[in-house]
Amino acid sequence: MLWETVRLALLAITRNALRSFLTVLGVVIGVAAVIAMVTIGQGSSEQVTSDVESLGSDVLMLRPGSSFGGPGVSETVAEFTLRDADALRELSVLSAVAPVVNSPATAVYGNANSSTTVTGSSNDYLDVANWTILRGRGFSPAEESSGAAVCILGESVRQELFGNADPTGETIRIKTVSCDVIGYLEAKGAGMMGQDQDDLILMPIRAVQRRLVGSTDVSSFQLALAPGVSADRGTREIEALMRERRRIQIDEADDFRVMDMAQIASMLTSVNSVLTGLLSAVAAVSLLVGGIGIMNIMLVSVTERTREIGIRLAIGATARQVLTQFLVEAIVLSVLGGVIGILLGFAIAFAAARLMAIPFTPSIEIVGLAFVFSGLVGVVFGYFPARRAARLDPIEALRHQ
Amino acid sequence: MGEETTGPLIALRDVSRVYGEGEAEVRALDGVDLTIGEGEFIAIMGPSGSGKSTAMNIIGCLDRPTGGSYLFHDVEVGRLDRDQRAILRREYLGFVFQGFNLLPRSTALENVELPLIYKGVPPAERAARARSALEKVGLAGREHHQPSQLSGGQQQRVAIARAIVDNPMVLLADEPTGNLDTHRSREIMELLVALNRDDGITIIMVTHEEDMAEYAHRIVLFVDGRVQSEDYRPAEREG
Ligand SMILES: Nc1ncnc2c1ncn2[C@@H]1O[C@H](COP(=O)(O)OP(=O)(O)OP(=O)(O)O)[C@@H](O)[C@H]1O
Ligand SMILES: [Mg+2]
């Protein structure tokens, strides 16, 4: 009997295929949004976790400003300089100190060009950030101290400028600077936020400061802890050193921030969960609108089919059977919308995962949840029209039209 | 509803049906007394607005009297609720409505199966019984036609097949030949006569046409919501 009713409902729905589809569009969009967001969210936190693991837990980051993102708008904070780097190197808790300054720039070789980011740092950067030189060499001490115009290419930049050819020994132009390529890096792929990590050029920090940005500022440090040193202890010592160097009074707050990888990861995933929450709200509204759409169309359908309902009642259908029929129709309609939404959501999540190079992690729980939710929308918004159909008076209904 | 019944199949006693209230009050039925026995073939006639359809709706348990008593098989229908009447309809009664009232987008077979669906008859048995009902009304081979692909007379036969598919005790037909020409009307009447004679189905039919009423055992004349006369016919009649 139930299967019979479902079959009848499917028949009624397919008879008006276009209208049915438009009716469930709200449910489709809502469910697709939920599925896509949750799947993408899960994939990217998985990616962040594995990235952080690959970076190792012994890396710290030091930035000016008291907030995570760097100096706030109203904050004027002294920038770091290379003298801070020298002071940090004195700390026994650190095994590597990589000062970093970034500058967006276009690199040109022959007819090819590549707009990328030039990262000025030291050889330590390769260790701290886990880079491997695939071919060529790192910076020599002389190149570092003099700020020589030499560079190491990331894989993406190499591909854009040289294709698969070996760039070492060639000269490229970055802005107005001619720069000798001394090596290139092993590819890393996409990073935590889906960015292309291989889209960079490394130069000695003094070269970037003098030739590209024209200042002696260091925008941040990447630091490696010495073996056996905890992130907490490292953080404490760095903070003490920096407070002293920046002459921060006892009663003043830090104007810099030391972050370990766990903090960075949680910052990234919290951005993620805010996004997910926001989109879930959108999805909920969309489901509500979808539900109202279903209620509306079911009410229209009850009016249109008044005579049919009269016939069914007259030949012996009970009120309950008519109620069931219309309720099942609403549920089938919205579950159908849910199924389309699930497929669409996974398609979107799959495409996004490809694009952002994060793992595609479909979960069965979310499918079940979307299924139940769309069914619930059908029950809630289908009940009122179904009850109206069941309460029709058979004689009146037969007289309709 | 046991088999041991003492009273007649259908007994209306001083039945009234009032629509509206006060100024707008309409007494569609105003003290109807009517007794119908099992196996009878009754024709109800009367001018338009005399209450024929109202009486049919009450006899068919679609409606309840506002006054008086209606006993169907000794059961007081006025005291049954909606669903109890629905069950009574599907167990004992078959309807042929004025203007067919078939589901337009369903095939003849699906239309005839409909009452069985609500009784919970399994699909295979349902289809078989619907087929044999269609065969009985002379529509074998038209199972998969939709109403729009059938003539008026054929649609009326589908409606009759739907009414008899569950072997009802009583067949109610409100102007079953209203939309048909004389030839088709006679075919329908002969079908009803056969159902009455061969299957023992009690038939109650409303008609405007003298010629069609001739087929019945008894002609009941309604005027102004009352039974004005009852005219018994000689039972002998061969189509
Ligand atoms: N739902 C209703 N509300 C108000 N009055 C009604 C209603 N149904 C029927 N009536 C009135 O009851 C009276 C009897 O109607 P009924 O339909 O029984 O007549 P009838 O004998 O079947 O007529 P016809 O031959 O035209 O079909 C009429 O005056 C009609 O207007
Ligand atoms: Mg009438």
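Before any of the text, the structure's been laid out above.
For every chain, the first residue of its written sequence is number 1, and the numbers climb from 1 along that sequence. Naming scheme: in the order in which they are written, chains are lettered from A and ligands are numbered from 1. The predicted origin of the model limits local features to residues at a pLDDT of at least 70 and limits the giving and counting of side-chain atom pairs to 80 or more, whereas totals for whole chains, interfaces and linings rest on all residues. Side-chain measures were taken over the full set of non-hydrogen atoms in the model, leaving aside hydrogen atoms and water.

Visitor: Which parts of the structure should I look at to understand the site of ligand 1?
Guide: Neighbouring residues of ligand 1: 15 residues in total, closest Ser-48, Gly-49, Lys-52, Ser-53 and Thr-54 of chain B. One heavy atom within 4 Å of a molecule or strand is enough for the residue carrying it to be called near that molecule or strand. Taken together, the residues near ligand 1 originate from chains A and B. As used in this structure description, the phrase polar contact means that two N or O atoms lie within 3.5 Å; if the pair is within protein, one of them must be able to donate a hydrogen and the other to accept it, and residues adjacent in sequence are counted only when both atoms belong to side chains. Contacts to ligand 1 include Ser-48 of chain B, whose side-chain N or O atom sits 2.5 Å from an oxygen atom. His-208 of chain B has a polar side-chain atom sitting 3.4 Å from an oxygen atom of ligand 1. Residue exposure ignores everything except the shown protein chains as possible cover, and the areas themselves are Shrake-Rupley values with a 1.4 Å probe. Its free accessible area being 640 Å², ligand 1 has 69% of it covered by the protein chains. Listed by contribution, the elements that provide at least two residues to the shell around ligand 1 are α13 (394–399) of chain A together with β2 (26–36) and α1 (52–59) of chain B. In DSSP terms, a helix is any run of H or I states spanning at least four residues, a strand is any run of E spanning at least two, and both are numbered starting from the N terminus. Element by element, the count of residues in the shell around ligand 1 is highest for α1 of chain B, at three residues. Any residue that is not Ala, Val, Leu, Ile, Met, Phe, Trp, Tyr, Cys, Pro, Asp, Glu, Lys or Arg is counted as polar, Gly included; the first ten are nonpolar and the last four charged. Here the shell around ligand 1 is composed, by residue class, of four nonpolar, seven polar and four charged.

Visitor: Just checking my understanding: could you explain the pattern of salt bridges for this structure?
Guide: Pairs can form between side chains of opposite charge once their charged atoms are near each other. When a carboxyl oxygen of Asp or Glu is within 4 Å of a side-chain nitrogen of Lys or Arg, the pair counts as a salt bridge. With the rule as written, the count across this model stands at 31 salt bridges over all chains. Here Glu-308 of chain A makes a salt bridge to Arg-305 of chain A, at a shortest N to O gap of 3.1 Å. Take Glu-308 of chain A and Arg-305 of chain A: they sit in the same class, and that class is buried. In this structure, the salt-bridge partner of Arg-218 of chain B is Glu-230 of chain B, at a minimum N-O distance of 2.4 Å. Burial status follows relative accessibility: with a 1.4 Å probe on protein chains alone, a residue under 20% of its type maximum counts as buried, one over 50% as exposed, and anything between as partly exposed.

Visitor: Please explain the nonpolar core as it appears in this structure.
Guide: The nonpolar side chains of a soluble globular protein tend to be buried, and buried together. Counting 74 residues, the largest nonpolar core has Ile-10, Tyr-70, Phe-72 and Ile-204 of chain B as its most contacted members. Looking at this core element by element, the count peaks at eleven residues for helix α11 (residues 319–356) of chain A. The criterion is simple. A nonpolar core is a set of buried Ala, Val, Leu, Ile, Met, Phe, Trp, Tyr and Cys residues joined through side-chain atoms within 4.5 Å. Formed by 46 residues, the second largest nonpolar core is a distinct cluster that contains Val-93, Leu-94, Val-157 and Leu-161 of chain A.

Visitor: Which parts of the structure should I look at to understand the sheet that holds strand β10 (residues 226–232) of chain B?
Guide: Across a sheet, paired strands are connected by hydrogen bonds in the backbone, their directions being either parallel or antiparallel. Residue and element names in this part refer to chain B. In this description, strands pair whenever DSSP reports at least two bridges between them. The strand order across the open sheet built from six strands is β6-β7-β8-β3-β9-β10, with neighbouring strands paired in mixed fashion. Since the sheet does not close on itself, it has two edges, and those belong to β6 (93–96) and β10, each with one partner. Averaged over all adjacent pairs, the angle separating strand axes in this sheet is 20°, with direction ignored. As judged from the four bridges shared by strand β3 (residues 41–45) and strand β9 (residues 218–223), these two strands associate in the parallel manner. Within β9, the residue paired with Ala-43 across the bridge is Ile-219. The criterion used for residue contact is that any of the two residues' heavy atoms lie within 4.5 Å. The axes used here are C-alpha line fits, helices contributing only the stretch in contact, and every angle between their N-to-C directions lies in the interval 0 to 180 degrees. Against the sheet, helix α6 (residues 182–199) touches β3, β7 (170–174) and β8 (202–206), its axis set at about 150° to β8.

Visitor: Looking at this structure, I do not really get the interface of chain A and chain B. What am I missing?
Guide: Interface size is commonly expressed as the accessible surface area that is lost when the partners come together. Contacts between the two partners involve 22 residues from chain A, matched on the other side by 23 residues from chain B. Two parts placed together each lose some accessible area under a 1.4 Å probe, and the buried area is that loss summed for both. The largest contributions to the chain A side of the interface with chain B come from Ile-311, Ile-315 and Ile-395 of chain A, which together make up 27% of the buried area. Taken together, the links from chain A to chain B amount to zero salt bridges. For the pair chain A and chain B, the interface holds eleven residue pairs in polar contact (both at pLDDT 80 or more). Breaking the side of chain A that touches chain B down by element, the ones donating at least two residues are α1 (2–15), α10 (306–314), α11 and α13 of chain A. With six residues, the single largest contributor to the side of chain A that touches chain B is α10 of chain A.

Any functional reading would require information that these geometric values do not contain.
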